Each structure stands twice: as structure tokens, then as C-alpha cells.
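Residues per chain are reported as follows:
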Amino acid sequence: MRDVLVLGAGLHRFGRFPDKSLQDLGREAIENALADSGVPFKEIEVAYVGRVLAGMGAGLNVVSEMGRTGIPVINIEMACASSTSAFREAYLAIASGIYDTALVVGFEKMQRGLIQISDQKSYQTVMGLAVMPAAYALQAQRYMADHEATPEMFAQVSVKSHRNGAANPYAQYQSAVTLEEVMSSRMIADPVTLLQCSPTTDGAAAVVLCAASRAAHYSAKRSIRVAGWATGSGRYQPQGEGDEGEADTGEIGRLASLAFERAGIAPQDVDVTQVHDAFAPGEIFSIEGLGLVPVGEGARAVWEGRTEITGDIPVNTDGGLLSRGHPIGATGCAMVTEVFRQLTGEAGARQVKDGDAKVGLIQNAGIGGMNILVFER
Amino acid sequence: MTKAEIVEKPGAGEVIALRAEMFSETPEPGQPARLLGSECPACGERFFPRRKYCAACTGGGLRDVILGPGGKVETYTIVRQQLPGSAMVPPYAIVNVRLGKGPTVQTVVREGYESLTIGQAVVLMVEPVLEEDGRTYVSFVARVEPNQQAGLREGK
């Protein structure tokens, strides 16, 4: 397998843009990524598109805004992990030698309110079970029973995310919130309050990948290398394994081990991490599953500021899903974009480790699977 | 599966299971719920609802097993926001209930959820969950065992 580099990344700001089309959002992200990479669109050999709610053929509708060069445009859907799935396909296509250049795009336009994860007439909906924040709340309740953790520690994730979002001009929410504001916002599913829920969002993100052997052909002055990856679909965990009902970090742990092994690194080598905080407790479960902190110590790590930009394990430096926003098809590519900025020292006010970050880690989860990606400068 | 697919010609006043295939016998409102699940003959893993192949070992030939009505709360949360299209009116609790050696099923607690605790015993009961077009749809919900509930309250 050949080395594959990310040469550039770009976003359309995340937020609510009722007057803009998917094409408007996607085109701007692609323009920004291409300009950042130095690769002209006519040199792109294949495009992989992460999207969920748009209709048939949405990928081509957006990508063809840049021209109709006849390249394959592949639509990928894995719910909230769609565009890291698209990224993985692009990586494998280049690593295997089939293509030298690829464009990855993720985009979404979403409605306000609770995301509908099940058909309106389904059993899960009629019975009131298909409540996405409740899935995280159930784990959070069990976590508090099993470990030394309080509702304030989950809320602190959101305080930190909003502070980071305030330093990100592409974030949906760019204002800080206090712990008191998070705790006193409307309760959605105990202990998850409204300000601990990621919003629905319009937005787009794009990245340009290139074979390392071809990169000198373009004008990009910096790049990051895809060092490791793992994808899974949620392996069944038998009832007898582990403690009954304990907050499940098994699948993240399994995939993270595989990705670290492929990258030849250990969790303590990671300088910056983007995790799937669709709801605030997610950050705590993810950093434990990834092995960045021992199981049961994630809540305290957040509370003590270890996941802040200035901490020893900075997490969701761009505001994460909670504050940057969560246009489900675009989220994974936005994670890659932030890791690109951090590892190239271009993250400005959000920069970690004084611009000397070498290893970046991404965990992007969706209904249907999870992707782990490891990058090195 | 939608509820419209379960009943061929529903008439007004009928009592209908929201999902009939979940029960080992015709569910009667107010009675303990007997659920129909599957057990893998190879590895012993149990599932609800029924399935053809074992999710754990991929083996086939799974046999029917009757589950419930008693179980223990693994975790719970109290839902405070209305889910569009749902018959459940907040606040109510979502509970994960472990049935014996497994599996864990998810359902709701509509009364007495204030006193829920992890590890608490609950019983699955057949109850009306939806009234629509003059018909009553039933499913299984969890009930806090009355003596347990009282005991906990006295304890506090």
C-alpha cells in the first residue's frame, strides 16, 4: 500500500442557511479545499461523497458544480460517520494504486428539532424509545453509578466545546457558555440538558487526498499523512462479557487498537483528538474507549481541564459536534479539516502544543458503524 | 414493521398488539408480559426480539424461548421532550431491563419512574400504549414492583 497525504481542506461555515442550496454549501467547501491543496479540479480522479438526508445522486449534483469531467462520484452513507467513510474509501483507492488524487466531500441541510432516527410509524417511535439523546443519557446514568462522576462533569464538556467554538470562525455557535447555563438549560433526558445536545446544522466540508509519490506535482507546501485507520459496524457483545450493563467502550477500544497498530503508535503519542460528541457524555466515553485515559477516569479528566486546548489531551479543539455543529454528512470531513489545521500549525487561537502537534486522532460514530483515523505530520 | 402491517382488518373497539410477534401468547392488558425471544443452541446467547441467526456466533437453528416478566434495571433515563410521532407523553422513563441471564430489553416506565434506581427489580406488563381510530394498541411496559417502590420510599 502506498503512502497517502491530505494536501488541503476546506469548509463552508456550519450554521443555518435556509437561503442556500446544497450545491452552494458543497461548492464553497470544495473551492476552499482545492485552493488549499493546490490541486485543480480537472486533476481530481475520483470523488467520494458523505451525505445522508439528500436525495438520489446528491453527490454528483454538488461535485458537478465544479465541472463535468466524468470522474466517478461515489455516494456514501453511514449516518453521522458518512464522510469519514467516504474518506476511508478515497484513502484505500489511492493507497492501492488505482488513483493518484481524490476529493472527499461531506454536506447536509437539516431541519430543526430532535433528529428523527426511526420512521414516524415504527415501534421504536410509537413507544418513545427512538430518542437520540436518551441513548447517551442511559450510558451516562450507568457511568455515574459505576464511577466517581457528577452531572456537572458531563456539562463541563459543553462549556469547553463552546469556548473552543468561540475561537472557530466556521463554528455554528461562537459564544462561550458557563457551567451554570449548561446545567440550567432545559432537561432533555437526565442528565443531558439542551446545551449538552449537538444542534442540527447546515454545512459542508471537503478534503483533497493525493498519493505521496505524486504530491510534489502540486504546489501544496504542507501535508499530513494518513497513518492508520479502522472501521467497524458494532460487533455484538455477548451478555456474559464484562460487567452487566457497564458503559460500553468495547467497540471503540477494539477499533482504536487496530488503528494504532496500523499506525505503529500508542495512545500516549496522540497530540490532538476529535471525537464524536453528539451529546456531551460522548466525549467522556470516547476518550476512555480510545485509551487516552483509563476507563472510569474520563469525567475527571474533563473536569480537571485535561481535554482543553491547553490540556495534555486536547479534544474537539474546533468546538466539536456540540458547538461547531453537526451536519451529519459533513461532520467527519470537518474533523479531518481540524486535524489538518492542528498538525500543520494553522489553527490560530485554537492551536495545541505550541504548533508542534505531530499526531492527530479522529473517532467518528454513526448508526451503522464507526471510523477511527490516525494522521501524522 | 409498522402497526398497519400487523392487523389485516382492524375494527373499532378492538384490542391489538402493537407488534404481535413480540409475545408468546395473545397479550392481555393488565397481565404480566411473556415475550417471545430466541436462544442459540450452540453458544446459549439469548435475543429479543426473535432472530434467525445468532448475532454472537452466527450459528443457525435458534429456538424459541419465553422471556420475562421479571427483570432488573440496568440503566434508565427520564425523557422530558416529546418525540414527534410517539404515543408516550413526557415525562416518562426509558429503561434497559435485564431479563435473567439475558437478553436486555428496552421499554418505558410511565408511573413511579421518580423512584427508579439501577439494579431495581421491575416486572414487564401488557398495557395499552396507543389509542387510534377507535382501536387500542397494547405493548409491554415495565412496572416498578409495588412493594419495592414502597420499600425504597420508606428507606429514604
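Above: the structure in question.
What counts, and at which threshold
- Residues numbered from 1 in each chain as written.
- Chains lettered and ligands numbered in written order.
- Predicted model: local features only at pLDDT ≥ 70, side-chain atom pairs only at ≥ 80, totals over all residues.
- Heavy atoms only, no water.
- Contact = heavy atoms within 4.5 Å.
- Buried area = accessible area lost by both parts, 1.4 Å probe.
- Salt bridge = Lys/Arg side-chain N within 4 Å of Asp/Glu carboxyl O.
- Polar contact = N/O pair within 3.5 Å; in protein donor to acceptor, adjacent residues only side chain to side chain.
- Helix = DSSP H or I, 4+ residues; strand = E, 2+ residues; numbered from the N terminus.
- Buried < 20%, exposed > 50% of the residue type's maximum accessible area, 1.4 Å probe, protein only.
- Pairing = 2+ DSSP bridges.
- 1 Å grid on protein atoms, 1.4 Å probe; cavity = no way out; pocket = protein on both sides within 12 Å on 5 of 7 lines; lining within 4 Å.
- Points joined across faces, edges and corners; volume = space filled by probe spheres on them.
- Nonpolar A, V, L, I, M, F, W, Y, C, P; charged D, E, K, R; others polar.
- Axes fitted to C-alpha atoms, helices over the stretch in contact; angles between N-to-C directions.
- Parallel < 35°, antiparallel > 145°, perpendicular 65-115°, else oblique.

S.K.: Got a minute to help me understand the interface of chain A and chain B in this structure?
M.R.: Accessible area lost upon the coming together of the parts is a frequently used measure of interface size. Opposite the 29 residues of chain A that make contact, chain B presents 44 residues. A buried area of about 3100 Å², summed over both sides, lies between chain A and chain B, and 58% of it is on carbon and sulfur atoms. When the buried surface of chain A facing chain B is broken down by residue, Tyr123(A), Leu138(A) and Gln239(A) rank first, second and third, together holding 23% of it. Seen at the junction of chain A and chain B, the total is one salt bridge. In this structure, Arg80(B) engages Asp190(A) in a salt bridge whose closest nitrogen and oxygen atoms are separated by 2.9 Å. Taken together, chain A and chain B are joined by 18 residue pairs in polar contact (both at pLDDT 80 or more). Listing elements by their share of the side of chain A that touches chain B, those giving two or more residues are helix H4 (123–126), helix H5 (132–146) and strand E5 (187–189) of chain A. Examining the composition of the side of chain A that touches chain B, we find that six residues originate from one element, H5(A), more than from any other.

S.K.: Please explain the pattern of salt bridges as it appears in this structure.
M.R.: Side chains that differ in sign of charge can pair as their charged atoms come close. All names here are of chain A. Under the definition given, this model contains 35 salt bridges over all chains. In this structure, Arg341 and Glu346 form a salt bridge, with 3.3 Å as the shortest nitrogen-oxygen distance. Where salt bridges share partners, they join Asp36, Arg222, Arg341 and Glu346 into one cluster.

S.K.: Is there a simple way to think about the pairing of strand E5 (residues 70–79) of chain B in this case?
M.R.: Along any regular strand, the residues point their side chains to alternate faces of the sheet. Residues and elements named next belong to chain B. Taking burial as the measure, the ten residues of E5 include eight buried ones, the bulk of the element. Taken together, the three bridges between E5 and strand E8 (residues 121–132) define a ladder with antiparallel strand orientation. Residue Gly71 lies in a different strand from E8, and its bridge partner there is Val122. In the sheet, E5 pairs with strand E6 (residues 92–98) via seven bridges, with the strands oriented antiparallel.

S.K.: Would you mind going over the layout of surface pockets with me for this structure?
M.R.: Where empty space is left can be seen by rolling a probe of water-molecule size over the atoms. Residue and element names in this part refer to chain A. Of the pockets and cavities examined, the second largest pocket occupies roughly 300 Å³. If you trace the second largest pocket, you find 16 residues lining it, with Leu53, Ile115, Gln116, Ile117 and Ile328 closest to the centre. When grouped by side-chain class, the residues that make up the lining of the second largest pocket number ten nonpolar, four polar and two charged.

S.K.: Mind showing me how you'd approach the packing of helix H3 (residues 82–95) of chain A against helix H12 (residues 331–343) of chain A here?
M.R.: Angle between the axes and distance between the axes are the two parameters that describe a pair of packed helices. All names here are of chain A. At a minimum axis separation of 5 Å, H3 and H12 run at an interaxial angle of 65 degrees. As far as their axial angle goes, H12 and H3 are roughly perpendicular. Side by side, H3 and H12 meet where Ser83, Thr84 and Phe87 of the first sit next to Thr331, Gly332, Cys333 and Val336 of the second. In terms of residue class, the contact of H3 with H12 is built from three nonpolar, four polar and no charged.

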